[in-house]
Amino acid sequence: MAAAVAGEEEVTNRQVILKRYVTGCPTVEDMEVVTGTLRLAVPPGSPAVLVKNLYLSCDPYMRTRMTKHAVPSFVPDYVPGKVLDNCGVSKVVLSGHPDFKPGDLLWGVTGWEEYTLIPNPVFCHMINHREFPLSYYTGVLGLTAYAGLFEVAKAKKGEYVFVSAAAGAVGQIVGQLAKLTGCYVVGSAGSDHKVNLLKAKFGFDDAFNYKKELDLNAALKRCFPHGIDVYFENVGGAMLDAVLDNMRHRGRVAVCGQVSQYNLERPDSVDLFRLVGKHIRMEGFLVSEYAGEYRRRFEEEMARYLTEGKVVCVEDVAEGIEAAPAALVGLFAGRNVGKQVVVVARE
């Protein structure tokens, strides 16, 4: 086991904390960047690791954790006055864990702060491909798109695939993987620039700006005259409602997120009885279910696609921990183009 070092050095540690529970759309005022100190130490005999955070992932689901829920969700609510957490890329400073040593680069759940003591790094993984930008592990080398498209939706060659929020971190990768599989792929996005990106850079067969469509049902019928086999769901609400009307018999919906609903006090109601007549399967999933050997196989396959230029990614980079609150809030206004990443430190 790597030595659990109890150091004497103290460092400043800037942190993003939740100031209060959020109602409606979050604002930067709902969060605060505070500066504290941290002693560089790991408790003797513990499996903890102390890491220096390099890149943090901004994800829409974080909004759901900013509200106090009577019924617990699959992840705990954030607590006012406490540091936010999410996936990120970190460098090990000190370790009491047998699998990690100082200098190792990890990706996994960490704090929105400069340094984090992780008591039990069960959700941390070694970075195996340093030839790519480390930030790729918050997006394109994450597992969400791959697991949702192939394990949940079971996309196959020749099928018709629709992706909402298609210019985002997950959507852009879903579309490219579906194209590599031999599917016909259409995406929706919230600006003409993003629509052009989907078609020109990511190779989607077609795309539309949902903000310009007066009738989403008509837009989907125009793009899918024969109907939709697979819907990769990132939006919810009116888009999901229109998609269900255009699904083919035995279509599949992989529910990754529903960003249009996160800021509503009362979520939109969607008539799911339509799943019955067409035998549509709609399934939510958590990427954490696909760890271990499956994750390793995915990582090697995606690394090959990136090396061969078969998959590309676009990142929207915010510099510095102080930029994190605005970067997160910007997701809900569609300000990001591609994967939203916060750079805490560059190594």
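Values in this document were obtained by computation on a predicted structure and should not be read as measured data. (Residues numbered from 1 in each chain as written. Predicted model: local features only at pLDDT ≥ 70, side-chain atom pairs only at ≥ 80, totals over all residues. Heavy atoms only, no water.)

### As for the sheet that holds strand E10 (residues 206-209)
Spatially, the six strands line up as an open sheet ordered E10-E9-E8-E11-E12-E13, and their pairing is parallel. Each edge of the open sheet is held by one strand with a lone partner, namely E10 and strand E13 (281-284). On average, adjacent strands in this sheet sit at an angle of 15° to one another, irrespective of strand direction. In this structure, strand E8 (residues 160-163) lies alongside strand E11 (residues 228-233), joined through three bridges in parallel fashion. Along E11, the bridge assignment pairs phenylalanine 162 with tyrosine 231. Contacts from helix H4 (residues 216-223) reach E8, strand E9 (184-189), E10 and E11 within the one sheet, and its direction differs from that of E10 by about 165°. (Pairing = 2+ DSSP bridges. Helix = DSSP H or I, 4+ residues; strand = E, 2+ residues; numbered from the N terminus. Axes fitted to C-alpha atoms, helices over the stretch in contact; angles between N-to-C directions. Contact = heavy atoms within 4.5 Å.)

### Side note on the side chain of aspartate 30
Checked against the element boundaries, aspartate 30 lands in the loop between strand E1 (6-18) and strand E2 (31-41). In contact with aspartate 30, other than residues within four places in its own chain, are Ile17, Leu18, Lys19, Arg20, Val22 and Cys25.

### Quick word on a nonpolar patch on the surface
Residues Val109, Val122 and Phe123 make up a contiguous nonpolar surface patch of roughly 270 Å² in combined accessible area. Within the secondary structure, phenylalanine 123 is located in the loop between strand E6 (115-118) and strand E7 (124-126). Among the residues examined, phenylalanine 123 registers a relative accessible area of 52% and is labelled exposed. (Patch = residues over 30% accessible without salt bridge, like charges linked within 9 Å, V, L, I, M, F, W, Y side chains within 5 Å. Areas by Shrake-Rupley, 256 points an atom, 1.4 Å probe, with all protein chains shown as cover. Salt bridge = Lys/Arg side-chain N within 4 Å of Asp/Glu carboxyl O. Buried < 20%, exposed > 50% of the residue type's maximum accessible area, 1.4 Å probe, protein only.)

### What about the state of the cysteines?
All chains considered together, the criterion is met by zero disulfides. Cysteine cysteine 25 remains unbridged, with the sulfur of cysteine 58 as its closest cysteine sulfur at 14 Å. Since its relative accessible area comes to 41%, cysteine 25 is described here as partly exposed. Not part of a disulfide, cysteine 124 finds its nearest cysteine sulfur in cysteine 87, a span of 9.1 Å. (Disulfide = S-S within 2.5 Å.)

### Some thoughts on the packing of aromatic side chains
A complete count under the given rule lists ten aromatic pairs for this structure. Here tyrosine 160 and tyrosine 184 contribute two aromatic rings whose centre-to-centre distance is 5.9 Å and whose plane-to-plane angle is 65°, an arrangement assigned as edge-to-face. Of this pair, tyrosine 160 sits in strand E8 while tyrosine 184 sits in strand E9; the two residues are 24 residues apart in sequence, bridging distant segments of the chain. By relative accessible area, tyrosine 160 is classed as partly exposed at 23%. Looking at tyrosine 184, the relative accessible area reads 29%, which means it is partly exposed. (Phe/Tyr/Trp six-rings, centres within 6.5 Å; stacked < 30°, edge-to-face > 60°.)

### Side note on the environment of glycine 96
Looking at the element boundaries, glycine 96 is found in the loop between strand E4 (85-95) and strand E5 (105-111). Distance in space between the C-alpha atoms of glycine 96 and serine 46 is 5.7 Å, their sequence separation being 50 residues.

### What to know about the nonpolar core
The biggest cluster of nonpolar side chains holds 55 residues, and the ones touching the most others in it are Val140, Leu177 and Met302. When residues no more than four places from it in sequence are discounted, the contact partners of methionine 302 are Val140, Leu141, Ile173, Leu177 and Val311. (Core = buried A, V, L, I, M, F, W, Y, C linked by side-chain atoms within 4.5 Å.)

### Things to note about the UniProt feature "domain: Enoyl reductase (ER)" (unreviewed entry) in the protein
In the UniProt entry, the feature "domain: Enoyl reductase (ER)" (unreviewed entry) is given for residues 26-342. In residues 26-342, the share of helix is 23% and the share of strand is 27%. The end C-alpha atoms are 18 Å apart. (UniProt positions renumbered as here; feature names shortened; annotations may be inferred.)

### Re the pattern of salt bridges
Tallying each qualifying case throughout the model produces 19 salt bridges. With a closest N to O distance of 3.2 Å, arginine 14 and glutamate 114 form a salt bridge. You can see arginine 14 sitting in strand E1 and its partner glutamate 114 sitting in the loop between E5 and E6, a full 100 residues away along the chain. We classify arginine 14 as partly exposed; its relative accessible area is 29%. Between glutamate 159 and arginine 252 there is a salt bridge, with the nearest N and O atoms lying 2.7 Å from each other. Here glutamate 159, found in the loop between helix H1 (144-152) and E8, pairs with arginine 252, found in strand E12 (residues 247-255); they are 93 residues apart in sequence, far enough to count as distant. Accessibility classification places glutamate 159 together with arginine 252 in one group, the buried group. Three or more residues joined by partner-sharing salt bridges are found here, namely Arg14, Glu114 and Glu322.

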